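The lines below spell out each chain.
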Amino acid sequence: MFTATLFGEKRICVEFENHTDHLHVQDFKLNPGVRIKQIRQKGNIYVVHTDPLSLNQTLHLTCKDHTAEIIPDTVLDRYRSNKEMGCSWNAEQTFFRLFSPRAKQITLFLYNEFGSDKPDAYDMLRDEDGVWEYVLPGHHFGKYYAYSAKGPEGVAECFDEKVIIGDPYSRAVARDNSYHHRSISLIIDPADYDWQGDTGIHIPPEELIIYECHIRDMTADSSSGVSPDLAGTYRGLCQTGIRGGLEHIKSLGVNAVEFLPVHEFANLEIPYGVKTDGVLNSWNPYSRNHWGYMTSYFFAPESCYATQQSLQSDFCGVDGRAIFEFKDVVRIVHQNGMAVILDVVFNHISHYDWNCYKHLGKSYYFRLDKKGKYLKTSGCGNDFKTERPMARKMILDCLKYWMREYHIDGFRFDLAALIDHETVEAIAFELREINPNVILIAEPWGGGKYQPAEFSQHGWAAWNDQFRNSVKGENPQHGQGFIFGKWWGGNNKETLKRYIGGTLINEGGMFKQAGHSVNYLACHDDYALGDFIRIGSGKIEPETIVTDMTSHVKLDAGEMRLNKLAALVLFTSRGACMVTAGQEYAHSKVIARTTAPDYRIGRIDNNSYNKDNQTNWINYDFVDLNRQLVEYYRKLIHMRKLNPVFSDSSAKLEFIDHPNPFALGYHYKRGEESNRPDLVVYINGDNNHAVEFELPAGKWKIVISETDKNITRFVESRITLSPATGIVLE
């Protein structure tokens, strides 16, 4: 037995399962008319050199009475279909369809009840486009189904007919709580839901004030006040009359909520410290993926966030309740005047589970190297081949499904530079046919690419890391930015002006319009802003063990000034704004003590993807501890929503220079249609010296100041800013 992999137009790599005696050219045969010129051996691997091969046909390589089928990319790309995938139905029949052009046989299993070990089995039929189909009479709601796929021999694929997999288009899955994530699909009608008139929320991109958060983290801590049986769930997020969850989010005044991934994902990784399936997990002592960036099923909401579900139980998702509970989340968020944005991950899929895409066509759905191994420029074990026609169709079907079925207002795309440009363009075109105002935000890097300008050309917004790095810096120890009275990465006062103005391409920036720039200071990745400032200001070293969380989290006067100054620059700049959960009270990601063998317990974490514990959970006692900063965020958000100058293209922005390289003013002159007064912002990033500005003529009301006292004060002629402070006047 051997596998064969195509290397370009003139070479085929042949790998035998066991070492073989020396073979000769005449031992290998290819398609009629194709000449084998020579072979080279290294152990059980042979490289077969041929005349130039036609890559428009399937190749068959024979040796020792065994034949391997080799399908070049150009041939695989021809397989495509417009048929509706997944499980669908009409008045009389139920249809099961999935795409797998390389499979030799696919069996449909239908289970009358969950846990049955005697399903009905049906051999599916393949059409010429690679779609497998079976039609059953009647409806089968409440039943479960799954597939097994047998593939061709002699190819570097992952087909295994002994492995049962769910439908890639599953609306809901019942899955076991193991790293294999064994899943079967539930037949359920998600349309059986009362939206109570909900149609979604429209927020112009330049007016977006986004709160990025994780469903579970918002109410998992008891300080949220949520009912214990709802902690960390969809319903817990929406519970009223508590300190935490949506009650806290809406109190800030934001107009959009961006949820970290809620697609069904592989929560559990391979065991720590034990070689499993040929891999030794030496990096994740928690054996968890908490954030959700390991998608297993793109059309199903994550089941462990539903009520009465637990990763400590054997199974999750048996009754499909996650569908309706997440719809409740969307409806209630909309009722509170906020848009819903989903963080979606199409650049890679889950890596260690029995993922359906791997078992239906590794060579079709993934980018592979010349040896047939997964490319992993995503850093996550595999790169999804978005350019394949049916991979692109899945992405488009998925996004449109979430818009139509769940009333989702927009999407943030993880490592979006790994999505091919044809798919990027198709997403913009097809989603805007459903909702012309759909929010499309790219994380505009990945795989060594950096493409914010390219996404803007496609009409997408993108995270503006240049804004982030200019304002706070890139590294709290050796790459500090403006708020510390320093510049990092070639930034200076002139680049800061550009970022404040929307990082526009006609001013040397990246974006066609300010609404394409999503300005932010921190996100779920890397250090929390509060920790960045704690380290950057010298309060703590990254490896210091924190023993008193209250005194650690409580901001001193210097830290408070830096947090406020950063927030003021964020909310007075043109473009969309994003804050991440906990930023408003300077959340600290100190690694919590658990039973996991983590030697870094007590230290600040800058990559908390695997921690479902107090490291990530929002602690509302700490919200109260730094209430002054929370109130400052609220006032900035209120000020921004009240004043259209930040989004009004007819409003002029003029900068006011100062000899100090870290002192700057900027004057928003109201547009012709505005009935609001002008706004003037002054910022002083110098941490050691006060600065004085001469004011424009007239009397100016203080709207926001570092002292933030609740009194109306007016200033005129001149104003003095203390070190690391800012002020807004109107």
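An account of the accompanying structure is given in this report. Note that the coordinates shown come from a computational prediction; the quantities given were computed from them, not determined experimentally.

Next up on the list: unusual backbone geometry. Of note, glutamine 196 is a non-glycine position whose phi angle comes to about 55°, a positive value. As for its placement among the helices and strands, glutamine 196 is situated in the loop between β16 (183-186) and β17 (209-213). Despite not being glycine, alanine 724 shows a phi value in the positive range, around 55°. For alanine 724, the location among the structural elements is in the loop between β38 (714-721) and β39 (725-729).

Right, let's talk about the pairing of strand β18 (residues 256-259) for a bit. In regular strands, side chains alternate between the two faces of the sheet. Of the two faces of β18, the one holding Ala256 and Glu258 and the one holding Val257 and Phe259 are both buried throughout. For β17 and β18, the ladder comprises 4 bridges, and the chain directions are parallel. By the bridge assignment, cysteine 213 is partnered in β18 with phenylalanine 259. Pairing geometry for β18 and strand β24 (residues 339-344), over 4 bridges, is parallel.

Attention shifts here to the sheet that holds β16. In spatial order, the strands read β11-β10-β14-β16-β15-β23; together these 6 strands make up an open sheet with antiparallel pairing. At either margin of the open sheet sits one strand with a lone partner, and together these are β11 (120-123) and β23 (315-316). Direction of pairing for strand β15 (residues 173-176) relative to β23: antiparallel, over a ladder of 2 bridges. Across the sheet, the residue bridging to arginine 175 is cysteine 316, located in β23.

What follows is about the packing of helix α4 (residues 321-335) against helix α6 (residues 389-406). The angle between the axes and the distance between the axes are what describe a pair of packed helices. Between α4 and α6, the shortest axis-to-axis distance is 11 Å and the interhelical angle comes to 75°. When the axis of α4 is compared with that of α6, the two are roughly perpendicular. Residues Ile323, Phe326, Lys327 and Val330 of α4 form the contact with α6, whose participating residues are Trp402, Glu405 and Tyr406. Here the contact of α4 with α6 is composed, by residue class, of 5 nonpolar, no polar and 2 charged.

Parameters and conventions
- Residues numbered from 1 in each chain as written.
- Predicted model: local features only at pLDDT ≥ 70, side-chain atom pairs only at ≥ 80, totals over all residues.
- Heavy atoms only, no water.
- Helix = DSSP H or I, 4+ residues; strand = E, 2+ residues; numbered from the N terminus.
- Buried < 20%, exposed > 50% of the residue type's maximum accessible area, 1.4 Å probe, protein only.
- Pairing = 2+ DSSP bridges.
- Axes fitted to C-alpha atoms, helices over the stretch in contact; angles between N-to-C directions.
- Parallel < 35°, antiparallel > 145°, perpendicular 65-115°, else oblique.
- Contact = heavy atoms within 4.5 Å.
- Nonpolar A, V, L, I, M, F, W, Y, C, P; charged D, E, K, R; others polar.

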